Amino acid sequence: MITSLLWLIPILPLLGFVINGLGRNTLSKGAVGVIGSGVVLASFILSVCFFFELSSSVEKQFTVNFFDWISVGDLKIPLSFLYDPLSAIMLLIITGIGFLIHIYSTAYMHEDAGFGKFFAYLNLFIFFMLILVLGSNYIVMFIGWEGVGLCSYLLIGFWFTNSNYASAAKKAFVMNRIGDLGFLLGVFLMFQVFGSLEFAKVFPQSANMLQGNDTITIIAILLFIGACGKSAQLPLFTWLPDAMAGPTPVSALIHAATMVTAGIYMIARSSVVFDLAPIAQNIIAIVGAATALVAALIALTQTDIKKVLAYSTVSQLGYMFLGLGVGAYTGSFFHVLTHAFFKALLFLGAGAVIHSLHHEQDMRHMGGLKAKLKTTFATMMVGTIAIAGLPPFSGFFSKDEILAHAYQFSPVLWGVGVLTAFLTAFYMFRMMFLTFYGKFRGSHHTEEHIHESPKSMTIPLVVLAILAAFGGLLNIPHVFGGNEWLAHWLTGAKVTQNHLELDHTTEFTLMAVSVLAAIVAILLAYSKYVKKADIPVADEAPRTALEKLSYKKFYLDEIYDTVIRKPLDAFSNFFYKIIDNKVIDGLVNGLGWTTNEGSKSLRLLQSGNVGYYIIMMVVGIVALLAYTYWFIA
Amino acid sequence: MGTSVFYFVATLSVFFALMVVFAKNPIHSVLYLILTFFTFTVHYVLLNAQFLAVVNFIVYMGAIMVLFLFVLMLLNLNKENEPNKSALLRIVGVIAGGCLVVTLIGSLKSVAITSPLVLKNPSLGLVENLGKELFGKFMLPFELSSLLLLSAMVGAVLLTKKEEKTNG
Amino acid sequence: MGSIFENMQGVPLNHYIWFCAIIFTIGVIGVLVRRNAIIIFMSVELMLNAVNLLLAAFSVHHNDASGQVFVFFIMALAAAEVAVGLSIIVMVYRNTQSIDINVLNRLKW
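Residues numbered from 1 in each chain as written. Chains lettered and ligands numbered in written order. Predicted model: local features only at pLDDT ≥ 70, side-chain atom pairs only at ≥ 80, totals over all residues.

Colleague: Tell me about the overall build of chain C, and name the residues and values.
Modeller: From N to C terminus, chain C includes 4 helices and 0 strands. The buried share of chain C, reckoned over its 109 residues, is 53%. Of the contacts made within chain C by residues no fewer than 6 positions apart, 42% connect residues no fewer than 24 positions apart. (Helix = DSSP H or I, 4+ residues; strand = E, 2+ residues; numbered from the N terminus. Buried ≥ 20, exposed ≤ 12 C-beta atoms within 10 Å, placed from the backbone. Contact = placed C-beta atoms within 7 Å.)

Colleague: I'd like a rundown of the overall build of chain A, residues and numbers included.
Modeller: On a plain count of helices and strands, chain A comes out with 25 helices and 2 strands. For chain A, buried positions account for 52% of its 633 residues. Across chain A, contacts joining residues at least 24 apart in sequence account for 81% of those joining residues at least 6 apart.

Colleague: Can you break down the interface of chain B and chain C residue by residue, with the values?
Modeller: Chain B puts 78 residues into the contact, and the matching count from chain C is 65 residues. The set of elements that each furnish at least two residues to the side of chain B that touches chain C consists of α1 (4-22), α2 (26-46), α3 (50-74), α4 (87-109), α5 (127-135) and α6 (139-160) of chain B. Among the elements that make up the side of chain B that touches chain C, the one with the highest residue count is α2 of chain B (11 residues).

Colleague: Describe the interface of chain B and chain A, with residues and values.
Modeller: In this complex, chain B contributes 11 residues to the contact, which on the side of chain A involves 11 residues. Taken together, the residues of the side of chain B that touches chain A sort by class into 6 nonpolar, 5 polar and no charged. (Nonpolar A, V, L, I, M, F, W, Y, C, P; charged D, E, K, R; others polar.)

Colleague: Give a description of unusual backbone geometry that names residues and reports values.
Modeller: Note the cis peptide between L234 of chain A and P235 of chain A, where omega equals -5 degrees. Of note, H358 of chain A is a non-glycine position whose phi angle comes to about 55 degrees, a positive value. Relative to the assigned elements, H358 of chain A resides in the loop between α15 (329-356) and α16 (374-388). Of note, N48 of chain B is a non-glycine position whose phi angle comes to about 60 degrees, a positive value. Looking at the element boundaries, N48 of chain B is found in the loop between α2 and α3. Exposure remark for N48 of chain B: the 23 C-beta atoms within 10 Å place this residue in the buried category.

Colleague: With reference to specific residues and values, describe the packing of helix α17 (residues 394-409) of chain A against helix α22 (residues 504-531) of chain A.
Modeller: All names here are of chain A. Viewed as axis vectors pointing N to C, α17 and α22 meet at an angle of 120 degrees, and their least axial separation amounts to 10 Å. Between α17 and α22, the interaxial angle falls into the category oblique. α17 and α22 meet at a crossing whose hand is right-handed. Residue-level inspection shows D400, L403, A404 and Y407 of α17 in contact with α22, the latter providing E507, L510, M511 and S514. Here the residues of the contact of α17 with α22 sort into 5 nonpolar, 1 polar and 2 charged. (Axes fitted to C-alpha atoms, helices over the stretch in contact; angles between N-to-C directions. Parallel < 35°, antiparallel > 145°, perpendicular 65-115°, else oblique. Left-handed = near helix turned anticlockwise from the far one by under 90°.)

Colleague: Explain the nonpolar core to me, using residue names and the numbers behind them.
Modeller: By size, the foremost hydrophobic cluster in this structure holds 210 residues, and its most contacted members are F125, A344 and A468 of chain A. With residues up to four places along the chain from it excluded, the contact list for A344 of chain A reads I97, I101, A252, A256, A257 and L464 of chain A. (Core = buried A, V, L, I, M, F, W, Y, C linked by C-beta atoms within 7 Å.)

Colleague: Describe the pairing of strand β1 (residues 62-72) of chain A, with residues and values.
Modeller: Of all 11 residues that make up β1 of chain A, 1 are buried, and the element is exposed over most of its length. Count of turn residues in the β1 of chain A/strand β2 (residues 75-83) of chain A antiparallel hairpin: 2 residues, of which G73 of chain A carries a positive phi of about 55 degrees. (Pairing = 2+ DSSP bridges.)

Colleague: Before we move on, can you summarise the confidence of the model for chain A with the specific residues and values?
Modeller: In the predicted model, chain A carries a mean pLDDT of 86, and 99% of its residues have values of at least 70. Averaged pLDDT values for the elements of chain A fall to 76 in helix α23 (residues 545-551) of chain A and rise to 92 in helix α4 (residues 115-134) of chain A. (pLDDT = per-residue confidence, 0-100.)

Colleague: Outline the UniProt feature "transmembrane region" (unreviewed entry) in chain C, listing residues and values.
Modeller: Residues and elements named next belong to chain C. Those residues carrying the UniProt feature "transmembrane region" (unreviewed entry) are residues 15-33, 38-58 and 70-93 in this numbering. Overall, residues 15-33 shows 100% helix and 0% strand. The separation of its end C-alpha atoms is 27 Å. Here residues 70-93 is 100% helix and 0% strand, with 33 Å between the C-alpha atoms at its ends. (UniProt positions renumbered as here; feature names shortened; annotations may be inferred.)

Colleague: I'd like a rundown of α16 of chain A, residues and numbers included.
Modeller: All names here are of chain A. For α16, which comprises 15 residues, the first-to-last C-alpha distance of 21 Å matches the rise-based estimate of 21 Å (1.5 Å per residue) to within 8%. Counting buried residues in α16 gives 11 out of 15 residues, a clear majority hidden from the surface. When we look at burial in α16, the residues that qualify are T376, F377, T379, M380, V382, G383, T384, I385, A386, I387 and A388. Where α16 is buried, its residues contact α14 (305-325), α15, α17, α18 (411-436), α20 (455-470) and α22. In the stretch just after α16, G389 is the one whose phi turns positive, near 85 degrees. (Expected span 1.5 Å × (residues − 1).)

Colleague: Go over the environment of A232 of chain A, please, and point to the residues and values.
Modeller: All names here are of chain A. Along the polypeptide, A232 turns up in the loop between α8 (214-230) and α9 (239-242). Once the C-alpha coordinates of A232 and G263 are considered, the two residues, 31 residues apart in sequence, prove to be 8.9 Å apart. Filtering out sequence-adjacent residues up to four positions away, A232 remains in contact with F237, W239, L240, V260, V314 and L317.

Colleague: I'd like a rundown of the packing of α15 of chain A against α17 of chain A, residues and numbers included.
Modeller: Residues and elements named next belong to chain A. One way to put it is that α15 packs onto α17 with a least axis distance of 9 Å and a crossing angle of 150 degrees. By the angle between their directions, the pair α15 and α17 is classed as roughly antiparallel. The two elements α15 and α17 cross, and the hand of that crossing is left-handed. In contact with G331, S332, F334, H335, T338, F341 and F342 of α15, α17 contributes S394, G395, S398, K399, E401, I402 and H405. Classifying every residue of the contact of α15 with α17 by side-chain character gives 4 nonpolar, 8 polar and 2 charged.

Colleague: Tell me what's going on with the environment of K201 of chain A, and back it up with residues and numbers.
Modeller: Residues and elements named next belong to chain A. For K201, the position within the fold is in helix α7 (residues 199-207). The exposure class of K201 is partly exposed, given the 13 C-beta atoms found within 10 Å. Once the C-alpha coordinates of K201 and N137 are considered, the two residues, 64 residues apart in sequence, prove to be 9.2 Å apart. If we ignore the near neighbours within four places in the chain, the residues touching K201 are F194 and S196.

Colleague: Could you give me a rundown of the confidence of the model for chain C, with the residues and numbers involved?
Modeller: Overall, the prediction assigns chain C a mean pLDDT of 83, with 86% of residues at 70 or greater. Here helix α1 (residues 2-8) of chain C stands out as the element of chain C with the lowest mean pLDDT, 53, in contrast to helix α3 (residues 37-62) of chain C, whose mean of 90 is the highest.

Colleague: Please give an account of the pairing of β2 of chain A that cites residues and values.
Modeller: Relative to β2 of chain A, β1 of chain A runs antiparallel, the two being bridged by 9 bridges. Considered in β2 of chain A, the bridge of T63 of chain A is made with L82 of chain A.

Colleague: I'd like to hear about α22 of chain A, residue by residue, with values.
Modeller: Residue and element names in this part refer to chain A. For α22, which comprises 28 residues, the first-to-last C-alpha distance of 38 Å matches the rise-based estimate of 40 Å (1.5 Å per residue) to within 8%. Here α22 has its buried residues at E507, L510, M511, S514, A517, A518, A521, I522, A525 and Y529. Those residues of α22 that are buried are in contact with α16, α17 and α18. A533 sits one or two residues past α22 and shows a positive phi near 50 degrees.

Colleague: So what about the environment of F191 of chain A? Which residues, and what values?
Modeller: For F191 of chain A, the location among the structural elements is in helix α6 (residues 163-194). F191 of chain A sits 53 residues away from Y138 of chain A along the chain, and the two C-alpha atoms are 9.8 Å apart.

So, in structure tokens, the structure goes:
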């Protein structure tokens, strides 16, 4: 295996970033698009080659050491990559979906003035994301971790002239920072305990520690806080819906398919550590389930098509964390994979809708688009069915694997999961029905200009739709006579999961319940939004209390505002007005004043009389000599 | 004779030095200073520092003092027109000086060597020995001192030159 | 000359120190009490000479010619200093018609 060429995979997008970044004003849009997509395609092809090399190789883990990056005392941080089945799959997701989204963006962003800048950022993002999944220690991972955060910030605030968008970017950045602090602390503690940050050294060492060891638990919780920020879990998820301020391809790539799954990747990677911390696992499972439920409830009443998808993403991420918490690492990772397919598809489809409606995002002004946007409708329908978890689409397999593990862990968590699945099916079909069925509710002028998107946008949709439909085949459970290929594949990366000890009847029952829930939800949505043609009311219109709670996102933003921001503001104000203005400025000004006044009187000593100076000099010499005589000699 | 020559000459030096400071007429001051320097020359001879004695005689008594005298005459300052400083200032000055000598001697006492001065090498202060030192170990400072003298000369000429009117 | 020196044998180095300190202090007092710039200048010369003599005495005491070489350098320095200093005094006199240092009281602020 030619692991020495591994560096090419991340370097190519970086090259694309440099070229596009420098030539953003000089290169033509065609050239920018070709370079931007080309480098990602090249990375993808390389990733595929490496993937096949790896699958035919006996050895499953390759560490490629480039150079010692930091070497201080005991601290040795090499810049090195780890290529194993886990990162191989991540590489395929990132570069593959990344490539499709690049292609899509060439059409979607074509009219935008910042076309070159956009592609430069996208390439930079791909680069950092690849670093994140390739790093062989927590520090290299952290470089990627921070880098994708930066790119996310840049791309959310891509249209920064709109101050709402700019503050959405800031919000994402700050919230991520909170999580990153936890991650960093976890890494520090890990170094303190294990004396190394290499995966290859930390995991074997931690395997020797006792289950439920306090230190391990703290490390696991700190890492999970990091994952919470990056992967938008309670209580840090409010940035993700706001992140929809960015262009839609960005939402698809960063805020659905790749970056937000970094937290899951990190926990799956550290599964050895998490397995030893049952308390942390419980926390993760509960937080994941709660996030899934809360986000699904919020999604029920949203009217912005991208917001619905954003909350759906949060909810699905909650699912993945639920899976991680109950020990279904491969199940969660499987869900990462399928979610990347269908959520990228849904976002891109939503983008196509928005594009053809001239940047209309409110579903209240859509409707009846089925006939006009045939490809978009068909592909989005595939994605919706996949996320709703109807067999045999991909979402069904991944979701049910998580749910089965949840049931084995605790039936309550399973109940929450099924409820969420029910809600998911409902709000997703609500979105589909509101968008594509009924009559068009926008202005007449817009209606005349509705058109199907260009090929460069529909082809990625079709490809993703195929993946979303059949991605589930990668990991068919034993129940269906499958061989769980993905789970076997991931054992090469030491990512394993608890064995499912349910008998087949129970498993089938669980599946039937969740599928039934989804079907009921779809029928409910159909009767409400197609039969009765119920349309969400305007913002100001009165709502029932529960509806309002959901529509206002459980007032989470407002709660954060009053509980955290306002006291913090008051606190800073206190420091600014009292401590800074009065005390510190007073001190500094007082010093200046004292010096001024002191010198005003002291300068009178400078009489200009030379004789006087000389006397003073002599007095000084006498004093010095006397001092030497009496105190030193 | 014994050591009495030293004490005699030293007494003379102190007396003349006092006269330098307290003489009313500047011209008298200069003349007393010449006498003081002469007694110093004698001291050098007593220390067998013959080269220094000669240099002191020529440079100090000859050149420098003549320069002083010359300037005094040139500026026509040979009158006792110096307004007295206030008595207080004079007393303060003398007291300060007294304090200085007390502290000087006091502080030097702890490091002073009471043993009699013995000349181990009679040729120490002779021209030959000093010449070797000067042109050997102290070659660079010696050459540099020539630069110092040159710059002092240039400076003196430049300073005393009358300013030319620029638009004359 | 040797016989002259023999007479000198026996003067303690201490006495040289005292003597030079006295001469030096007289110079300082001169600087303090006189207002005539030239006499102040001469007092400075007096101080320099006191130091010179002490250097020569220590040179003999340590049997090291360096002290006398330094005396020589100090003399060169004194010559330079006097040349420049006197020319400054001449300039001052030209400008103020006086060499009273109390006239030169603009050296402030």
